[in-house]
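Overview (structure and organization)
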Amino acid sequence: MHLHILGICGTFMGGLALIARAGGHRVTGCDAGVYPPMSTQLAEQGIELIEGYGAEQMALRPDLYVVGNVVTRGNPLMEAILDAGAPYVSGPQWLGDHVLAGQHVLAVAGTHGKTTTSAMLAWILEHAGLRPNFLVGGVAQDFQVSARFDAGRKFFVIEADEYDTAFFDKRSKFVHYRPRTAILNNLEYDHADIFPDLAAIETQFHHLVRTIPRSGRIVLPTRSQALDRVLAQGCWSETTRFGEDGDWQAGAPDAEGAFPVRRQGSEIGTVRWSLLGEHNRMNALAAIAAAEHAGVAPATAVQALSAFAGVKRRMELRGTVRGVAVYDDFAHHPTAVETTLAGLRRRVGNARILAVLEPRSNTMKLGTMAERLPKALRDADLVFCFGAHTGKHALGWNPAQVLAPLGGRATAYDDLQAMVAAIAHAARPGDHVLVMSNGGFGGIHGKLLDALAASTAVEHP
């Protein structure tokens with residue numbers, strides 16, 4: 001079957017493309033404004049990518065068009081598909097109907113940490129010899145791909161996004177997945193472009209809970225009022241909780257980041273890794289609890305996480321020049337920004353942190369949570385915020401005004417080159433530059449390393 005995927009370079013649709021190809025389908029796709037790692041991954045897999053959404057792509061005559069949620073009415077190719085009465089389906093529905101049916105699906109939902117927790121869970125199952133299928137929203141370092149599929153395997157780990165499915169299906173993506181095991185990692189207000197308030201997102205999470213069988217397991221944190229409200233609407237499955245006063249707990253980390261794992265007060269083992277932050281310890285607990293439902297002993301899961309390499313664009317060290325370390329992180333919601341900075345601060349102590357932020361998500365562009373940014377950025381010594389005033393990623397608020405409570409520590413730019421020059425000028429040996437964006441950010445990491453380097457070679461990690 002020939003599938004032509006619209007929006008193929010998104011993290012979900014790109015992973016779907018890899019899965020479809022592994023399932024024996026011919027796959028082509030189109031997108032606009034692509035950037036690594038997904039564009040690189042597709043090229044490495046030999047999947048033909050067409051730039052743009054021109055109606056001339058109808059000449060490909062695929063058996064089915066698979067439509068990503070980036071596509072809207074007015075898109076030239078989509079309009080041509082509708083005019084021709086050609087067959088089309090959303091990505092999540094195609095995946096649910098043709099791939100996930102018959103699999104033991106382990107879904108990871110939540111406002112934060114979905115990609116990292118999904119990668120942890122897939123790695124635990126891999127380490128235990130279960131060879132899972134998976135689709136996560138980033139490239140897991142342990143697998144070097146974001147998706148894998150073999151129809152002969154039983155388990156499928158999927159990042160379960162609450163964002164809407166497509167312009168013609170406004171349900172959350174995850175209602176198509178029918179999980180047997182579900183992690184509800186956390187829940188905050190997000191996606192202000194499609195959800196009017198937190199209650200609307202809670203309703204979608206309840207719809208997910210309704211699809212989990214009685215023999216299933218729901219893994220969730222303690223002390224989450226939003227998730228408590230979700231379960232109060234109805235729950236028919238076993239639940240297990242992680243965090244303070246929960247069934248699964250993490251002890252205090254040592255200086256290297258290692259921490260003990262306890263279940264109902266009994267110590268299981270110690271996760272020995274270098275990942276930063278309380279949020280990653282909670283992600284680990286959730287993954288261990290979910291893996292147990294798939295038959296993996298918790299002690300085996302702890303051993304697996306001690307060898308976990310992480311996910312690209314999650315506190316990924318991109319290079320060190322003249323003693324200045326440059327990191328890349330996907331953080332864009334204020335909570336993720338705050339926890340990421342707190343984790344880095346714990347590791348580097350009193351060393352200076354230069355936070356570089358691109359508020360690029362729809363929620364942040366609208367300014368819904370802009371007032372939370374000064375508090376979220378408090379662990380940074382200097383803050384550089386990029387906010388274009390025109391174009392696709394223009395902000396609806398003034399970064400200089402919003403960040404004014406940080407005083408002289410924060411500056412705002414609408415010229416990327418000027419910001420790169422300012423960061424390079426401000427940086428000094430021993431500094432840690434943390435770049436946070438959910439997009440390509442104009443290739444700022446390479447530009448910054450080049451600007452720092454001058455005549456000095458980059459020392460790659």
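Further up the page is the structure itself.
All residue numbers refer to position in the chain's written sequence, counted from 1. Per-residue local features of the predicted model are confined to residues with pLDDT of at least 70, and side-chain atom pairs are confined, for both listing and counting, to 80 or more; whole-chain, interface and lining totals are unaffected and use all residues. With hydrogens and water stripped out, all remaining heavy atoms of the structure feed into the side-chain values.

1. Brief notes about the packing of aromatic side chains
- Centre distance within 6.5 Å is the pairing criterion for rings of Phe, Tyr and Trp, where only the six-membered ring of Trp is used; planes under 30 degrees apart are then read as stacked, over 60 as edge-to-face, and the remainder as tilted. Under the definition given, this model contains eight aromatic pairs.
- Relative to Phe 143, the ring of Trp 123 has its centre 6.0 Å away and its plane inclined at 75°; by these criteria the two rings are edge-to-face. Linking Trp 123 in helix α5 (residues 114-127) with Phe 143 in the loop between β7 (133-135) and β8 (147-148), this pair joins segments that are 20 residues apart in sequence. In this structure, Trp 123 and Phe 143 share a single accessibility class: buried.
- Both rings, one in Phe 174 and one in Phe 205, keep their centres 5.2 Å apart while their planes meet at 80°; by these two values the pair is edge-to-face. With Phe 174 in the loop between β11 (169-172) and β12 (181-184) and Phe 205 in helix α6 (residues 198-210), the pair connects residues that are 31 residues apart, well separated along the chain.
- Residue exposure (1.4 Å probe, protein chains only): buried if accessible area is under 20% of the type maximum, exposed if over 50%, otherwise partly exposed. Phe 174 gets classed as buried once you look at its relative accessible area, which sits at 0%.
- Of the residues examined, Phe 205 reaches a relative accessible area of 0% and is grouped as buried.
- Site record: aromatic cluster; members linked through ring pairs are Tyr 88, Phe 167 and Phe 168. Secondary structure counts use DSSP, requiring at least four H or I residues in a row for a helix and at least two E residues in a row for a strand, with both numbered from the N terminus.

2. Comments concerning helix α8 (residues 278-293)
- The end-to-end C-alpha distance of α8 is 24 Å, a good match for the 22 Å that 16 residues give at a rise of 1.5 Å each.
- Of all 16 residues that make up α8, 14 are buried, and the element is covered over most of its length. Expected span, for any helix, means 1.5 Å times one less than how many residues it has.

3. Things to note about the sheet that holds strand β22 (residues 410-413)
- The pairing criterion for strands is at least two bridges between them, as found by DSSP. Here six strands make up an open sheet; going across it, the order is β18-β19-β23-β20-β21-β22 and the pairing mixed. Sheet topology places β18 (316-321) and β22 at the edges, where each strand pairs with a single neighbour. Across the sheet, the axes of successive neighbouring strands diverge by a mean angle of 20°, strand direction being ignored.
- Note: strand β21 (residues 382-386) against β22, four bridges, orientation parallel. Of the residues in β22, the one forming a bridge with Val 383 is Ala 410.
- The contact definition used throughout considers only heavy atoms, calling two residues in contact when any of these lie within 4.5 Å. Inter-axis angles, ranging from 0 to 180 degrees, are taken between N-to-C directions of lines fitted to C-alpha atoms, where helices are fitted over the stretch in contact. Along the sheet, helix α14 (residues 416-426) makes contact with β20 (353-357), β21, β22 and β23 (432-436), crossing β21 at roughly 170°.
- Most of the contacts of helix α15 (residues 444-453) go to β18, to which it runs at about 20°, and overall it touches β18, β19 (324-329), β20 and β23.

4. Observations concerning the pattern of salt bridges
- Salt-bridge detection follows one rule: a side-chain nitrogen of Lys or Arg within 4 Å of a carboxyl oxygen of Asp or Glu. Scanning the entire structure with this criterion turns up 23 salt bridges.
- In this structure, Asp 161 and Lys 173 form a salt bridge, with 3.6 Å as the shortest nitrogen-oxygen distance. Of this pair, Asp 161 sits in the loop between β9 (155-159) and β10 (164-166) while Lys 173 sits in the loop between β11 and β12, and the two are 12 residues apart along the sequence. The pair formed by Asp 161 and Lys 173 is uniform in burial state, with each residue classed as buried.
- Residues Arg 318 and Asp 328 are paired through a salt bridge, measuring 3.4 Å at the closest nitrogen-oxygen approach. Of this pair, Arg 318 sits in strand β18 while Asp 328 sits in strand β19, and the two are 10 residues apart along the sequence.

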